[in-house]
Amino acid sequence: MGLLINGTWHDQWYDTKTHEGEFVRNESQFRHWITTDGSSDFPAEADRYHLYVSLACPWAHRTLVMRALKGLQNIITVDIVHPLMLENGWSFKKDSVANADSQLSANYLYQIYTHEDPDYSGRVTVPVLWDKKQQRIVNNESADIIRMLNSAFDNLGATKGDYYPLALHSQIDELNSWIYDTVNNGVYKAGFATTQAAYDGAVSALFKSLDNLNERLSTQRYLLGDQMSEADIRLFTTLIRFDPVYVSHFKCDLKRIADYPALSGYLRDIYQTAGIAETVEFDHIKQHYYCSHTMINPTGIIPVGPAYYLNAPHGRASL
Ligand SMILES: N[C@@H](CCC(=O)N[C@@H](CS)C(=O)NCC(=O)O)C(=O)O
C-alpha cells in the first residue's frame with residue numbers, strides 16, 4: 001500500500017492523523033472524456049480503449065458490470081491485477097485469473113501512472129481507463145468511466161440500455177451522493193478509521209442509510225422504480241462485498257445484508273441479471289481485503305464464511 005510522490009513510489013499507509021482518525025478519500029486526478037463528436041482527444045472507437053481493474057475492488061467492479069450490461073466485451077479490453085496490494089501497490093503478477101500487463105508490460109500499476117505523468121503525486125488506484133492508441137490514461141474515476149461506457153459506444157455496437165436517462169439525472173445524482181458518502185465510501189470510513197469516534201460516526205451513518213435503502217426497496221424493484229440505473233450498479237458492488245468482507249474486516253457488524261429482507265432480495269436480483277454473476281470473483285475479493293490490509297488483519301487469515309445464497313429466488317419481479 002503506498003503512493004507516488006513526484007513520480008517516486010513510497011510505501012505508506014493512509015494518513016488519518018491529519019483528520020482526527022478519519023479516512024478521507026482523495027479526488028481522482030485523470031478526468032478526460034471519451035466523446036462521440038470529436039470534441040476531446042479521445043474519440044469513441046471500437047478496440048481503442050482498455051480497462052485496468054482489480055476484481056476485488058468495488059469501484060473497478062462498477063466498470064465491469066457496466067461493460068457487461070452494455071455488451072462491450074469485444075469493444076473494450078481488460079487487464080486484471082493481482083488481488084494482493086502490498087508494498088508496491090497493485091501488481092501484474094499472474095494467478096489463475098489475474099494476467100500480465102498487455103499494454104506496457106509493466107510490473108506494477110504505478111508504472112502506468114508514471115508513463116502518463118512522470119511527476120505524478122497521489123494514490124495509484126483502479127479502475128484506470130487507458131487509450132491504447134495514444135498510450136495515455138483517459139480517466140481513473142469509476143463514476144466517470146461508467147457514464148462513458150453507458151453511452152459513448154452506442155453507435156459502435158453496444159447493447160441497448162440507458163442507465164443514466166436524461167429524465168432521471170437529478171434523482172440519480174442525488175441518490176449517488178448520499179449512497180457514496182455513507183455506504184460505498186462509508187464502509188471504508190468505518191474500516192480505515194483510527195479513532196473510536198471516527199468509526200462510530202461512519203458506522204452509524206452507514207446503517208441509517210442501509211435501513212433507508214431497505215425500506216425504499218421493499219416496495220420497488222430498483223432504487224428508482226422498475227428500471228435498473230447507474231445508482232443500482234454503484235450500490236450493488238458494495239452490497240456484494242458486505243457480508244463476506246465489510247461485516248468482519250471493516251467492523252460493519254450491526255447487521256448483515258442477509259438480515260435485511262428487501263436488500264438481500266435486491267442483491268440476488270441484480271446478481272442474477274444476465275452477465276453480472278460473471279463479474280463477481282469472491283476469491284479475489286476475500287484475498288485482497290484480508291491479506292492486503294496488514295494493519296487491520298496482520299495474520300492474513302481469511303474467514304471461511306459466509307455461505308452464499310445468491311442464486312436463490314429473489315421474488316422481486318412482481319414488485
Ligand atoms: N474514486 C475512485 C476510487 C478508486 C479506489 O480507491 N480504488 C482502490 C481499490 S478498491 C485503490 O485502488 N486503492 C489504492 C490506494 O488507495 O492506494 C474511483 O471510484 O474510481
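Residues numbered from 1 in each chain as written. Predicted model: local features only at pLDDT ≥ 70, side-chain atom pairs only at ≥ 80, totals over all residues. Heavy atoms only, no water.

Comments concerning the pattern of salt bridges
One pass over the structure, following the stated rule, counts 14 salt bridges. Glu45 is the partner of Arg48 in a salt bridge, and the nearest nitrogen-oxygen pair spans 3.1 Å. Each member of the salt-bridge network shares a partner with another, and the members are Glu45, Arg48, Asp131 and Lys133. (Salt bridge = Lys/Arg side-chain N within 4 Å of Asp/Glu carboxyl O.)

Points about the sheet that holds strand β2 (residues 8-10)
The antiparallel open sheet is built from 3 strands, whose spatial order is β2-β1-β7. Of all strands in the sheet, those with a lone pairing partner are β2 and β7 (122-123), marking the two edges. Here strand β1 (residues 3-5) runs beside β2; their pairing, made up of 3 bridges, is antiparallel. Bridging across to β2, Leu4 finds its partner in Trp9. (Pairing = 2+ DSSP bridges. Helix = DSSP H or I, 4+ residues; strand = E, 2+ residues; numbered from the N terminus.)

Topic: the domain arrangement of the protein chain
Its domain assignment divides the protein chain into domain 1 (3-156) and domain 2 (168-272). Each of domain 1 and domain 2 has a C-alpha centre, and the two are 24 Å apart. Counting residues at the interface gives 21 residues for domain 1, matched by 21 residues for domain 2. Interface of domain 1 and domain 2: buried area, both sides summed, is about 1800 Å²; carbon and sulfur atoms make up 60% of it. When the buried area of domain 1 at its contact with domain 2 is split by residue, Phe23, Pro58 and Arg62 rank highest and sum to 29% of it. Taken together, the links from domain 1 to domain 2 amount to 2 salt bridges. Between Glu230 and Arg147 there is a salt bridge whose closest N-O contact spans 2.6 Å. Summed over the shared surface of domain 1 and domain 2, the result is 9 residue pairs in polar contact (both at pLDDT 80 or more). (Domains from an automatic or database assignment. Contact = heavy atoms within 4.5 Å. Buried area = accessible area lost by both parts, 1.4 Å probe. Polar contact = N/O pair within 3.5 Å; in protein donor to acceptor, adjacent residues only side chain to side chain.)

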